[in-house]
Structures are given as structure tokens and as C-alpha cells.
Amino acid sequence: MRKGTLYIFTGPSGTGKGTLLSRVMAQDDRLFLSVSATTRAPRQGEQAGVHYFFLSREEFDRRVEAGAFLEYAHYVGNSYGTLEAPVQQKLEEGYDVVLEIEVQGAMAVHSKRPDAVMIFVAPPSFDELASRLRGRGTESEETVEARLATAREELRHQEEFDYLVVNDDLKAAVRDLSAIFIAERCRISRKNGEVHTIK
Ligand code: ADP
Ligand code: 5GP
């Protein structure tokens with residue numbers, strides 16, 4: 001059976017990663033979004049096991065010790081990590097697995113799994129990023145400031161990625177992101193020998 005492709009999906013907090021992915025996933029049943037573990041507290045409406053596995057610091061550190069993470073990173077006061085076993089399982093089942101992770105984690109996965117496709121999503125401007133993050137209303141002003149400072153650093157890494165999606169007009173960005181998944185599936189190298197034989 002065809003094995004799935006691993007995708008890394010990265011961009012500053014508030015760029016619209018979650019918004020874009022929920023739209024694209026709704027129309028693409030071959031995609032599986034990896035559920036990360038985090039030490040951060042759940043936001044209103046976030047469900048354990050759906051949005052994140054919410055772990056205590058002790059439990060998170062125990063998983064690090066046990067080697068359960070494909071990657072993990074510290075981000076604005078909390079730890080976030082990708083559990084390796086479910087990602088591997090879904091790839092074996094043929095799903096294309098998306099890791100929605102920050103830049104340090106993206107680079108760590110890239111060095112372990114150079115076959116992973118790296119997508120960076122950028123905001124149209126820094127002011128628009130700040131206004132989206134504040135407009136979402138999920139973070140304190142202090143955390144917003146810290147996330148924006150981190151964003152400046154993250155934006156410097158765009159050129160290390162394979163694809164760039166600028167999330168200005170949402171519809172156009174959804175189209176661009178879907179096109180990346182479709183084009184990657186059309187690569188001869190991913191066809192496992194199932195080339196069309198009509199001559
Ligand atoms: P991220 O997952 O990258 O942190 P979100 O998906 O939560 O970002 O989006 C941050 C905020 O910006 C949300 O309030 C969302 O509705 C809004 N947003 C997302 N994409 C756009 C867009 N293209 N234009 C305007 N607002 C957007
Ligand atoms: P949030 O707190 O807004 O859900 O996420 C904060 C940041 O952590 C975002 O940039 C998000 O992509 C990133 N993130 C979420 N899960 C993971 C993960 O498993 N590993 C890493 N490295 N970053 C993650």
C-alpha cells in the first residue's frame with residue numbers, strides 16, 4: 001500500500017494556520033492532522049485529545065525521557081511536542097500527515113526526516129498579524145507581545161521551507177495550500193511504480 005507523505009506546516013501564531021487547515025481538511029479526506037502534546041492550558045472550547053493532549057510538566061518530561069516525541073520545543077513559556085507513534089501509524093495507513101508546529105520543531109523534523117515537505121504560512125504584513133492575534137482574543141496582552149517577538153524571529157526562516165503560502169485573502173490561501181497537497185501527490189517519485197501504462 002502507498003505510504004503517506006509527512007508535511008510540516010509552520011508560521012507565526014495568529015497567521016491563520018488553524019483556519020487554513022480546517023478549510024483544507026474539510027475537503028481532503030487523505031489528510032490527517034497530528035494532535036500534539038502541550039503543557040499549555042486549554043483555551044475555551046479546546047478538547048483534550050482533539051486539539052491537543054494537555055499534559056502536566058511532569059508528564060511531558062516523562063514522555064521526553066521515554067523518547068516518545070518525534071520533536072518537541074519550548075515556545076513562549078510552554079512545551080509542545082509531536083508524539084511519534086501515531087504519526088508513524090497514520091503514514092503507514094496511507095494518510096498524508098500534517099504537523100502544525102513552530103520553527104524549531106520544523107527544523108528538528110527536517111533533519112530527522114528530510115523527505116518531509118515543508119510549508120511556511122506568512123501573514124500579509126506584521127501589523128495584520130498583530131491585529132489577527134489580538135482580534136482572536138485568546139491570549140493576554142503580555143502573551144501576545146511575546147508571541148509577536150517570537151514571530152519576528154520565525155519570519156526569518158521562510159527561505160528554509162519548500163513552499164510559501166501568504167494568507168492574505170483566505171480563499172486564495174486555501175486554494176494555494178490545497179494545490180500543494182495535490183501537486184505533491186502527482187510527483188512520479190510518490191507513485192510507487194503505479195505509472196499509467198497506455199502508450
Ligand atoms: P494560527 O492557527 O496561525 O495561530 P488562527 O487560524 O487562529 O491562527 O487565526 C488567527 C485569527 O485570524 C483568527 O481570528 C482567524 O479568524 C483570523 N484569520 C485567519 N485567516 C484570516 C484571513 N485570511 N483574513 C483575515 N483574518 C483571518
Ligand atoms: P498555540 O498555543 O497557539 O496552540 O501554539 C503555539 C505554537 O506552538 C504554534 O506555532 C504551533 O504551531 C506550535 N505547536 C503546536 N504543536 C506543536 C508541536 O507539537 N511541536 C512544536 N514544535 N510546536 C508546536
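Placed above this text is the structure.
Keep in mind it's a predicted model, so treat the numbers as computed, not measured.

Undergrad: Looking at this structure, I do not really get the site of ligand 2. What am I missing?
TA: Surrounding ligand 2, one finds 16 residues, the nearest of these being R40, Y52, Y80, E100 and E102. G81 places a main-chain nitrogen or oxygen 3.1 Å from an oxygen atom of ligand 2. At 2.7 Å from a nitrogen atom of ligand 2 is found a side-chain nitrogen or oxygen belonging to E102. Contributing elements (two or more residues each) for the shell around ligand 2: β5 (69-75) and β6 (78-83). When the residues that make up the shell around ligand 2 are grouped by side-chain class, the tally is five nonpolar, four polar and seven charged.

Undergrad: What is the right way to look at the site of ligand 1 in this model?
TA: Within the structure, ligand 1 sits among 13 residues, and G14, K17, T19, R136 and N167 are positioned closest to it. G16 places a polar main-chain atom, nitrogen or oxygen, 3.0 Å from an oxygen atom of ligand 1. Contact distances for ligand 1 include 3.5 Å between a nitrogen atom and a backbone N or O atom of L170. Counting residues per element, the ones that place at least two in the shell around ligand 1 are α1 (17-26) and α5 (126-136). If you tally residues by element for the shell around ligand 1, the top one is α1, at three residues. The residue makeup of the shell around ligand 1, split by class, is two nonpolar, seven polar and four charged.

Undergrad: How do you make sense of the packing of α1 against helix α7 (residues 170-185) when you look at a structure like this?
TA: Angle between the axes and distance between the axes are the two parameters that describe a pair of packed helices. Look at α1 against α7: their axes get within 10 Å of each other, and the N-to-C directions meet at 60°. Classified by the interaxial angle, the pair formed by α1 and α7 is oblique. As for how α1 packs across α7, the hand of that crossing is right-handed. From α1, T19, L20, L21, R23 and V24 reach across to α7, where they touch L170, A173, V174, L177, S178 and F181. Residue classes in the contact of α1 with α7 are distributed as eight nonpolar, two polar and one charged.

Undergrad: How do you make sense of the packing of aromatic side chains when you look at a structure like this?
TA: Remark: the centre distance and the inter-plane angle together describe each pair of aromatic rings, the angle taken between the planes. Summed over all chains, the structure comprises nine aromatic pairs. Centre to centre, the rings of F120 and F161 are 5.1 Å apart; their planes meet at 75°, and the pair counts as edge-to-face. Residue F120 is found in strand β8 (residues 117-122), and its partner F161 is found in the loop between α6 (141-155) and β9 (163-166); the two are separated by 41 residues along the sequence. Members of the aromatic cluster, joined through ring pairs, are Y52, F54, Y75 and Y80. K90 extends its terminal NZ or CZ atom over the ring of F32, reaching a point 5.0 Å from the ring centre. In this structure, R152 packs its charged tip against the face of F126, placed 3.7 Å from the ring centre.

Undergrad: Sorry if this is basic, but what is going on with the sheet that holds β5 here?
TA: Adjacent strands of a sheet pair through backbone hydrogen bonds, lying either parallel or antiparallel. Strand order in this open sheet of four strands is β4-β3-β6-β5, and the pairing throughout is mixed. Unpaired on one side and paired on the other, β4 (52-54) and β5 mark the two borders of the sheet. Within this sheet the neighbouring strands show an average axis-to-axis angle of 25°, counted without direction. Pairing analysis gives two bridges linking strand β3 (residues 36-38) to β6, with the strands arranged antiparallel.

Undergrad: Explanation requested: the side chain of T82 in the structure shown.
TA: Mapped onto the fold, T82 is located in strand β6. A polar side-chain atom of T82 sits 2.5 Å from a polar atom in the side chain of E71. Discounting residues that sit within four places of it in the chain, T82 has contacts with S34, S36, A68, F69, L70, E71, V87, L99 and I101.

Conventions we followed
Residues numbered from 1 in each chain as written. Chains lettered and ligands numbered in written order. Predicted model: local features only at pLDDT ≥ 70, side-chain atom pairs only at ≥ 80, totals over all residues. Heavy atoms only, no water. Near = heavy atom within 4 Å. Polar contact = N/O pair within 3.5 Å; in protein donor to acceptor, adjacent residues only side chain to side chain. Helix = DSSP H or I, 4+ residues; strand = E, 2+ residues; numbered from the N terminus. Nonpolar A, V, L, I, M, F, W, Y, C, P; charged D, E, K, R; others polar. Axes fitted to C-alpha atoms, helices over the stretch in contact; angles between N-to-C directions. Parallel < 35°, antiparallel > 145°, perpendicular 65-115°, else oblique. Left-handed = near helix turned anticlockwise from the far one by under 90°. Contact = heavy atoms within 4.5 Å. Phe/Tyr/Trp six-rings, centres within 6.5 Å; stacked < 30°, edge-to-face > 60°. Lys NZ or Arg CZ within 6 Å of the ring centre and 35° of its normal. Pairing = 2+ DSSP bridges.

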